[in-house]
Amino acid sequence: MKNITIVGGGLVGSLLAIFLAKKGYNINVYERRPDLRKTNILAGRSINLVISHRGWNAIQAAGLEEEIKKITVPVYARITHDVHGNQTKHPYSIENKAIWSVSRGGLNAKLLDIAEKFPNVSLHFNYKCTDVDLDHAYATFEHTENGKNIDVAADLLFGADGAYSLVRQKMMQKDRFNFSIEYIEHGYKELVIPANIDGTHQLDKNGLHIWPRREFMLMALANTDGSFTCTLFFPYEGEHSFDKIKNENDLIHFFKEVFPDAIDLMPTLVHDFFENKTSSLAIVRCSPWVHKGKVALIGDAAHAIVPFYGEGMNCGFEDCFVFNSLLEKIGDTDMESLLMDYHQLRKPNGDAIAELSLRNFIEMRHLVAEPSFMLRKKIEDKMQEKYPNKWLPLYSQVKFSNIPYHEALSTSKKHDEIMEKILTLESIEEKWNSTEIENKILNML
Ligand SMILES: Cc1cc2nc3c(=O)[nH]c(=O)nc-3n(C[C@H](O)[C@H](O)[C@H](O)COP(=O)(O)OP(=O)(O)OC[C@H]3O[C@@H](n4cnc5c(N)ncnc54)[C@H](O)[C@@H]3O)c2cc1C
């Protein structure tokens, strides 16, 4: 095997190109958009992401940790803002571990820069994949400016072309390909908290700020330039919804009432709200992720999820890591069985993180503001501290470990059952820290 085509030069496609370039293959990456390093295509879409342990694991394996660290900001805690502007800090880890905030565009640009330095990697921008002959890893691309088509042959083709993948659409035309897409009732919009005049941050930069309001929430993550990228997760329709905010008055009135401390920090709110597009959120499930020994889906193309655990990219990076590890372990002579192994290892994890992400939305927008949530967290922190081998809270399993997502999901179901019983015990608020409660939990494990 020599030549590999990667459709999509987003986060996952560009990291995959680096992994495979290191193995000596000839890599051609075809990206539908112009080169984001030379244009302003991400204006108004400056999403911030968090990199967690499994994302770093892949970045490290590709030898990129030092370079990527430079463009990240560590985030040690959730900081919730109530309707009166009071802030409460909830550290993510009892061991002071961090997740890392990074600009999606900035990270993508950095990965493209690194990929491009390999002599065996060619990046082709403005090339949109329009057709794939799955049996032969043969693809057609249309130049988005001059309309000319090119045909590209390869030994293996990856669909790293995101949630609305063309490669996956072609796989759907084959018999017995399973596919579903589920839109949630919320969409999101990017807003901005700019830096202070001296370039410092207006809020604690090492916190992920959340304004949880039950049915919706605002979130803010720090950038290295002193600003924050905010995301409003909001229903499309209903009493409080995008649908109800029709003009500047509606917007200001709503923000003053619901996010009073945030509005003071957002001088361009009106412009950002009405100029930036509202984007939908969906979960994509499909199977199989591979076709014979010729085509594989990776990243969002295989498993688009809602962003409430901040794991979409991390999961995609883990796909690259696992694929690379399989290559190292079994070599590339039987690509059909390697791709099947890849699918079998990753598919249950894609499904599990999809479920966990949806569940975490409820935690973030609603539960995090509830006293019972805080109490549960205190109990879990204590159990983790005393019995680190017996009790690892779900958040730590997902964000600070390589435990497969599907295992984290099944352990968390067990933990939920136990904690439901514990939290309904009489006077639990007073005796949560007692040996009696500790023993009860240990007995139920
Ligand atoms: C609001 C929000 C917040 C998020 N926060 C986090 C977070 O904190 N942590 C995290 O891990 N993840 C997060 N995610 C998810 C993360 O953004 C995605 O999982 C990640 O971008 C997936 O990378 P990808 O390369 O698979 O797909 P994409 O980033 O979508 O890249 C796909 C690329 O393929 C190109 N393409 C598409 N079709 C074609 C075609 N026909 N031909 C050629 N090229 C094509 C696209 O232009 C694009 O560049 C978040 C997502 C959202 C929406």
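Preceding this paragraph is the structure being described.
So, here's what we can say about the structure. (Residues numbered from 1 in each chain as written. Predicted model: local features only at pLDDT ≥ 70, side-chain atom pairs only at ≥ 80, totals over all residues. Heavy atoms only, no water.)

Now for the overall build of the protein. The helix and strand inventory of the protein stands at 16 helices and 19 strands. The C-alpha radius of gyration computed for the protein amounts to 23 Å, which stays within 12% of the reference 22 Å derived for 445 residues, consistent with globular compactness. Here the C-alpha coordinates of the protein stretch approximately 70 × 55 × 40 Å along the principal axes. Counting every position in the protein, which comprises 445 residues, the buried fraction comes to 53%. Put simply, of all contacts in the protein between residues at least 6 apart along the chain, 70% involve residues at least 24 apart. Within the structure as shown, the protein displays about 19700 Å² of accessible surface, and the carbon and sulfur contribution to it stands at 48%. (Helix = DSSP H or I, 4+ residues; strand = E, 2+ residues; numbered from the N terminus. Rg over C-alpha atoms; globule rule 2.2 N^0.38 Å. Buried < 20%, exposed > 50% of the residue type's maximum accessible area, 1.4 Å probe, protein only. Contact = heavy atoms within 4.5 Å. Areas by Shrake-Rupley, 256 points an atom, 1.4 Å probe, with all protein chains shown as cover.)

The ligand sits among 29 residues. The nearest are E31, V50, C129, D300 and G310. In this structure, V12 approaches the ligand through a main-chain N or O atom, which is 2.9 Å from an oxygen atom. Side-chain polar atom of E31 to an oxygen atom of the ligand: 2.6 Å apart, as the coordinates give it. Coverage of the ligand by the protein amounts to 90% of the 1000 Å² it exposes when considered alone. Secondary-structure elements contributing two or more residues to the shell around the ligand are α1 (11-22), β2 (26-31), β3 (48-51), β9 (127-133) and α10 (312-330). Here the residues of the shell around the ligand sort into 14 nonpolar, seven polar and eight charged. (Near = heavy atom within 4 Å. Polar contact = N/O pair within 3.5 Å; in protein donor to acceptor, adjacent residues only side chain to side chain. Nonpolar A, V, L, I, M, F, W, Y, C, P; charged D, E, K, R; others polar.)

A few words on the sheet that holds strand β11 (residues 149-153). The strand order β9-β10-β11 describes an open sheet built from three strands, whose pairing is antiparallel. Lying at the two open borders of the sheet, with one neighbouring strand each, are β9 and β11. Put simply, the sheet's adjacent strands are angled 25° from each other on average, direction ignored. Bridge analysis of strand β10 (residues 138-143) against β11 gives five bridges, and the strand direction is antiparallel. Each bridged residue has a counterpart across the sheet, and for Y138 the counterpart in β11 is A153. (Pairing = 2+ DSSP bridges. Axes fitted to C-alpha atoms, helices over the stretch in contact; angles between N-to-C directions.)

Secondary-structure assignment places T231 in strand β16 (residues 228-235). You can call T231 buried: its relative accessible area is 9%. Each C-alpha atom, one on T231 and one on N48, is 8.9 Å from the other, the two residues being 183 residues apart in sequence. Excluding its chain neighbours within four sequence positions, the residues that come into contact with T231 are Y188, K189, E190, M217, L218 and M219.

It is worth spelling out the pairing of β2 at this point. Successive side chains on a regular strand alternate, one facing one side of the sheet and the next facing the other. Taken together, the five bridges between strand β1 (residues 3-7) and β2 define a ladder with parallel strand orientation. Each bridged residue has a counterpart across the sheet, and for T5 the counterpart in β2 is N28. Handedness of the crossover joining β1 and β2 through α1 is recorded here as right-handed. Sheet topology note: the β2/strand β8 (residues 121-125) ladder contains five bridges and is parallel. Residue Y30 lies in a different strand from β8, and its bridge partner there is H124. (Right-handed = clockwise from strand over helix to strand, strands pointing away.)

Overall, antiparallel pairing links the three strands, which are arranged β3-β7-β4 in an open sheet. The sheet is open, and its two edges are formed by β3 and β4 (73-75), each paired on a single side. The mean angle between the axes of side-by-side strands here comes to 35°, regardless of whether they run parallel or antiparallel. Direction of pairing for β3 relative to strand β7 (residues 99-103): antiparallel, over a ladder of four bridges.

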